[in-house]
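Residue-level structural notes
Each chain is listed here by its residues.
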Amino acid sequence: MSPSTSPNDPVFYFNHCNVDRIWERWMQPPPAGYGHVYAPAQSESARLKGHRLNDTLNSLLSGNTTPAKILDISEFYTYDSLTA
């Protein structure tokens, strides 16, 4: 994945699509009996900065955002079906 020619390899796209698929599956509510979704409250310790839903994430390319703003990707694309 390191050389600048890596996007020419179909494996590059398979890898990135699979990462997106894993992320989407992780975002689904857990099945009954598997506990709760991990999301620390905003009032948690400052050492969790960057892990809470409304913490500011800085980017040199796209400006600042928060995790809460990027969790729902359905505006951009959806998966036909998602199996575990």
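Numbering of residues begins from 1 in every chain and follows the order in which that chain's sequence is written. Reporting in this predicted model follows two pLDDT cut-offs: at least 70 for local features of residues, and 80 or more for side-chain atom pairs to be given and counted; totals over whole chains, interfaces and linings ignore these cut-offs and use all residues. Side-chain measures here rest on the full set of heavy atoms in the structure, leaving out hydrogens and waters.

So, on to the overall build of the chain. The helix and strand inventory of the chain stands at 2 helices and 0 strands. Classification of the 84 residues of the chain by burial places 12% in the buried group. Intrachain contacts of the chain at a sequence separation of at least 6 include 25% that bridge at least 24 residues. Counting only carbon and sulfur atoms, one obtains 57% of the accessible surface of the chain, whose full area is about 7,300 Å². Runs of E in the DSSP output that reach at least two residues are strands. Runs of H or I that reach at least four are helices, and both are numbered from the N terminus. Summary of the burial criterion: residues with accessible area below 20% of their type's maximum are buried, those above 50% are exposed, and those between are partly exposed, where the area comes from a 1.4 Å probe applied to protein chains only. Whether two residues are in contact is decided by their heavy atoms: any pair within 4.5 Å suffices. The accessible surface values rely on the Shrake-Rupley method and a 1.4 Å probe; as for residues, cover is taken only from the protein chains in view.

Another aspect to go through is the packing of aromatic side chains. Stacked, edge-to-face and tilted labels apply to pairs of Phe, Tyr and Trp rings (six-membered ring for Trp) whose centres lie within 6.5 Å, assigned for plane angles under 30 degrees, over 60, and everything in between, in that order. In total, this model carries 1 aromatic pair according to the counting rule given. Measuring from centroid to centroid gives 5.2 Å for Phe12 and Tyr13, while their planes differ by 80°, and the two rings are edge-to-face. For Phe12, a relative accessible area of 18% gives the class buried. The partly exposed category is assigned to Tyr13, whose relative accessible area is 47%.

Considering the arrangement of structural elements, one finds Asp20 in helix α1 (residues 10-27). Asp20 sits in the partly exposed class, given a relative accessible area of 33%. Spatially, the C-alpha atoms of Asp20 and Tyr79 are 9.9 Å apart, while their sequence positions differ by 59 residues. Other than its neighbours up to four places away in sequence, Asp20 contacts Tyr77 and Tyr79.

Residue placement: Arg52 occurs in the loop between α1 and α2 (67-70). Whenever a nitrogen or oxygen atom comes within 3.5 Å of another N or O atom, the pair is scored as a polar contact, on the condition that within protein one atom can donate a hydrogen and the other can accept it, and that pairs from neighbouring residues in sequence are kept only if both atoms are in side chains. A distance of 3.4 Å separates a polar atom in the side chain of Arg52 from the backbone oxygen of Gln42. Here the side chain of Arg52 touches Ser45 through a polar contact of 3.4 Å, landing on its backbone oxygen. Dropping the residues within four chain positions of it, Arg52 is found in contact with Pro40, Ala41, Gln42, Glu44, Ser45, Ala46 and Pro67.

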